[in-house]
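Examining the three-dimensional arrangement
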Amino acid sequence: VKAKLWGGRFAAATSELMDKFNASLPFDIKLMPYDIQGSLAHVTMLAQQKIIEPAEAEKIKTGLQAVKADLEAELAAGKLNLSEAEDIHSLVEARLTAKIGPVGGKLHTGRSRNDQVAVDLRLYLRQQTIDIRELLLDFMQQILVLADQYKETIMPGYTHLQRAQAISFGHHLMAYYFKLKRDYERFADALKRINISPLGSGALAGSSFPLDRNFTADQLGFSGITANSLDGVSDRDFVLEFLAVAANVMLHLSRLSEEIILWNSAEFSFIELADQYTTGSSIMPQKKNPDLAELVRGKTGRVIGNLNQMMITIKGLPLAYNKDLQEDKEGLFDTVDTLKIILKLYPEMLKTMTVKTEAMVRAAKTGFLNATELADLLAEKGIPFREAHTIVGQAVIAAAEQNKELEDLTFAEWENILPEKINFSLPELQNRLAVKAAVNSHATAGGPAFKEVSKVIAREKLFLAD
Ligand code: ARG
């Protein structure tokens, strides 16, 4: 017979299949340490408010610690039977009562599983958010190291996946640094709303006992208490917010992964991923596949799915608690676990990849990435930019017809292309068209010029060292 917290009103036992369907222990067992932590704070408060005797509270606390130790040992040994109780709250109370006798039944005074589960989930998510932010910082650190190393490695920058203008690999990597930095900040913001205590909201209407909600909130390290008991037990925005930020991280990593996969292809050949983070084919002996990056791109779908599922779960729910809310856990746990393993693996993949700097520069030198430089030069010489644009378009056609780059055109060819009124010399044109000069002339704040990228990197080093 399963441990139940609500047998009193029932004459007949629940059907076995119903028990199975109703149960959440197989997944909410993850909340065990947080459930115990919440109960310890609650029982301390009950004694302090003279709702129960100090000796009773001591007995319950010792019992809870022992239950925790038992459950940890059983979990580690793979011996815990997950059909022993309906959910983690029932399991802990049943084990407690078995250990210390009926006094264990006093633990739930002034509390409902509705506020209890909300507390557990917030404690869990607070810890996960803190851990994930740490992992994000390490990731950002790794990007910064690479960006510093490759800030002068010229590569093509793209729009429409067409070569557009020359940039550096370091500059490209720093774009991802800032995307992740915003996610790091988003998690901090979400944390403000995660870290609020709903304990004392009861089932939905608070309690007739003189509970000290601020005391339990303090004990549990929450920064405040929820202001409305119905909101306290029905709110899952804090889960949604976390899932949305997690999805955003995955979107960023999915875009990076798409680039990694392209760069690692023979067609680009900009990087080569290390053996440790690639896998082979069972039939094609030559294959070395970028599975990590592909899986990150693929798992982005599931993390977005978890966000979607949670929004759909919430959308039709009347206040306050409804059993639908039990569906808030598995997707959340899945997102947390997915994100954590990815944030551990990804920096390692980046750290161990070989960057083929020659191939990058070569690609930046072909395909007229310096056409805009020439148009800028003509505009500097007084030709309206729109007109300059058309002239350079002509130059591109002339060069392409001969399978040449702009810098290979001869003085005579330039004379044909450029308007008569323009004064120019071949070295002047060629200097301006040189790829390194082109990158370095883009010294606007936030631009790819080596000096500018160095400045940005130095600033972010300080941020990370802080
Ligand atoms: N297992 C439940 C959940 O995860 C705990 C709360 C149950 N509350 C209730 N009134 N049945 O949401």
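Calculation rules
Residues numbered from 1 in each chain as written. Predicted model: local features only at pLDDT ≥ 70, side-chain atom pairs only at ≥ 80, totals over all residues. Heavy atoms only, no water. Patch = residues over 30% accessible without salt bridge, like charges linked within 9 Å, V, L, I, M, F, W, Y side chains within 5 Å. Areas by Shrake-Rupley, 256 points an atom, 1.4 Å probe, with all protein chains shown as cover. Salt bridge = Lys/Arg side-chain N within 4 Å of Asp/Glu carboxyl O. Helix = DSSP H or I, 4+ residues; strand = E, 2+ residues; numbered from the N terminus. Buried < 20%, exposed > 50% of the residue type's maximum accessible area, 1.4 Å probe, protein only. Phe/Tyr/Trp six-rings, centres within 6.5 Å; stacked < 30°, edge-to-face > 60°. Lys NZ or Arg CZ within 6 Å of the ring centre and 35° of its normal. Axes fitted to C-alpha atoms, helices over the stretch in contact; angles between N-to-C directions. Parallel < 35°, antiparallel > 145°, perpendicular 65-115°, else oblique. Contact = heavy atoms within 4.5 Å. Nonpolar A, V, L, I, M, F, W, Y, C, P; charged D, E, K, R; others polar. Near = heavy atom within 4 Å. Polar contact = N/O pair within 3.5 Å; in protein donor to acceptor, adjacent residues only side chain to side chain. Domains from an automatic or database assignment. Core = buried A, V, L, I, M, F, W, Y, C linked by side-chain atoms within 4.5 Å. Expected span 1.5 Å × (residues − 1). Arc of directions from axis to C-beta.

Observations concerning a nonpolar patch on the surface
On the surface, Leu-204, Leu-230 and Leu-319 cluster together to form a nonpolar patch covering roughly 270 Å² of accessible area. Relative to the elements of secondary structure, Leu-319 occurs in the loop between α11 (291-315) and α12 (330-352). Overall, Leu-319 belongs to the exposed group, its relative accessible area being 62%.

What about the packing of aromatic side chains?
Enumeration according to the criterion identifies twelve aromatic pairs in this entry. When the ring of Tyr-34 is compared with that of Tyr-124, the centres are 6.0 Å apart and the planes differ by 80°; the resulting orientation is edge-to-face. Of this pair, Tyr-34 sits in helix α3 (residues 32-48) while Tyr-124 sits in helix α6 (residues 113-149), and the two are 90 residues apart along the sequence. Look at Tyr-124 and you get buried, because its relative accessible area is 2%. Ring centres 5.1 Å apart and planes at 85° place the aromatic pair Tyr-177 and Phe-178 in the edge-to-face group. A relative accessible area of 26% places Phe-178 in the partly exposed class. Pairwise contacts between aromatic rings join Tyr-34, Tyr-124 and Phe-333 into one cluster. Positioned above the aromatic ring of Phe-10 is the side chain of Arg-9, whose terminal nitrogen or guanidinium carbon lies 5.8 Å from the ring centre. Arg-133 extends its terminal NZ or CZ atom over the ring of Tyr-184, reaching a point 3.8 Å from the ring centre.

Focus: the packing of α3 against helix α4 (residues 54-76)
In helix packing, the relevant descriptors are the interaxial angle and the interaxial distance, both defined with respect to the helix axes. Packing of α3 against α4 leaves a shortest axis separation of 9 Å and a crossing angle of 175°. Taken as axis vectors, α3 and α4 run roughly antiparallel relative to one another. Of the residues in α4, those in contact with Met-32, Pro-33, Ile-36, Ser-39, Leu-40, Val-43, Thr-44 and Ala-47 of α3 are Pro-54, Ala-57, Ile-60, Lys-61, Leu-64, Gln-65, Val-67, Lys-68, Leu-71, Glu-72 and Leu-75. By residue class, the composition of the contact of α3 with α4 is 13 nonpolar, three polar and three charged.

A look at unusual backbone geometry
Outside of glycine, negative phi angles account for most residues, and trans bonds account for most peptide bonds. Residue Ala-320 is reached from Leu-319 by a cis peptide bond, and omega for that bond is 0°. Its identity is not glycine, yet His-160 carries a phi of approximately 55°, on the positive side. Tracing the sequence through the fold places His-160 in the loop between β1 (154-159) and β2 (162-168). Of note, the phi angle at Asn-403 is positive, near 60°, even though the residue is not glycine. Of note, Asn-403 is situated in the loop between α15 (385-401) and α16 (411-417).

Notes on the site of the ligand
Around the ligand, the surrounding shell consists of Ser-24, Asp-87, His-89, Arg-113, Asn-114, Val-117, Tyr-321, Gln-326 and Lys-329. Here Ser-24 contributes a side-chain N or O atom positioned 3.0 Å from a nitrogen atom of the ligand. With respect to the ligand, the side chain of Asn-114 contributes an N or O atom lying 2.9 Å from a nitrogen atom. Counting residues per element, the shell around the ligand draws most heavily on α6, which supplies three residues. For the shell around the ligand, the per-class residue count stands at two nonpolar, four polar and three charged. Among the domains, domain 1 (13-106) and domain 2 (113-158 + 167-362) are the pair contributing at least three residues each to the shell around the ligand.

Here's the deal with the domain arrangement of the protein chain
It is common to give the size of an interface as the accessible area that goes away when the parts come together. Here the protein chain is partitioned into domain 1 (13-106), domain 2 (113-158 + 167-362) and domain 3 (364-465). Using only C-alpha atoms to locate each centre, domain 1 and domain 2 end up separated by 30 Å. In this complex, domain 1 contributes 25 residues to the contact, which on the side of domain 2 involves 25 residues. In this structure, the connection of domain 1 to domain 2 is made through four salt bridges. Taken together, domain 1 and domain 2 are joined by eight residue pairs in polar contact (both at pLDDT 80 or more). Broken down by element, the side of domain 1 that touches domain 2 gets its largest block of residues, eleven residues, from α3.

Regarding the nonpolar core
Counting residues in hydrophobic clusters, the biggest one holds 107 residues, and the most contacted among them are Ile-260 and Tyr-346. Setting aside anything within four residues of it in sequence, one finds Tyr-346 in contact with Phe-139, Leu-253, Leu-256, Ser-257, Ile-260, Leu-292 and Val-296. Counting residues in each nonpolar core, the second largest holds 22 residues, with Ala-395, Ala-399, Ile-422 and Leu-429 among its members.

Overview of the pattern of salt bridges
For the structure on display, the rule yields 29 salt bridges. The salt bridge involving Glu-58 is made with Lys-61; its shortest N-O contact spans 3.7 Å. With a gap of three residues between them, Glu-58 and Lys-61 both fall in helix α4, about one helical turn apart. Using a relative accessible area of 46% as the deciding quantity, one classes Glu-58 as partly exposed. Where Glu-86 meets Arg-113, a salt bridge forms, and the shortest distance between an N and an O atom there is 3.0 Å. Taken together, the residues Glu-86 in the loop between α4 and α5 (88-100) and Arg-113 in helix α6 connect sequence positions 27 residues apart. Look at Glu-86 and you get buried, because its relative accessible area is 4%. By relative accessible area, Arg-113 is classed as partly exposed at 21%.

A short note on the environment of Asn-322
Its location among the elements puts Asn-322 in the loop between α11 and α12. Classification of Asn-322 by relative accessible area gives buried; the value is 18%. The spacing of Asn-322 and Gly-110 is 212 residues in sequence and 20 Å in space, taken between C-alpha atoms. Only 2.7 Å separates the side chain of Asn-322 from the backbone oxygen of Pro-318, close enough to count as a polar contact.

Overview of α15
Between the first and last C-alpha of α15 there are 24 Å, a value that for 17 residues agrees with the 24 Å anticipated at 1.5 Å per step. For α15, the set of buried residues is Ala-388, Ile-391, Val-392, Ala-395, Ala-398 and Ala-399. Within α15, the buried residues cover an arc of 110° as seen down the axis, which keeps them to one side. α15 presents Arg-386 and Glu-401 as exposed residues on the side facing more than 90 degrees away from its buried surface. Immediately downstream of α15, the backbone of Asn-403 shows phi near 60°, a positive value.

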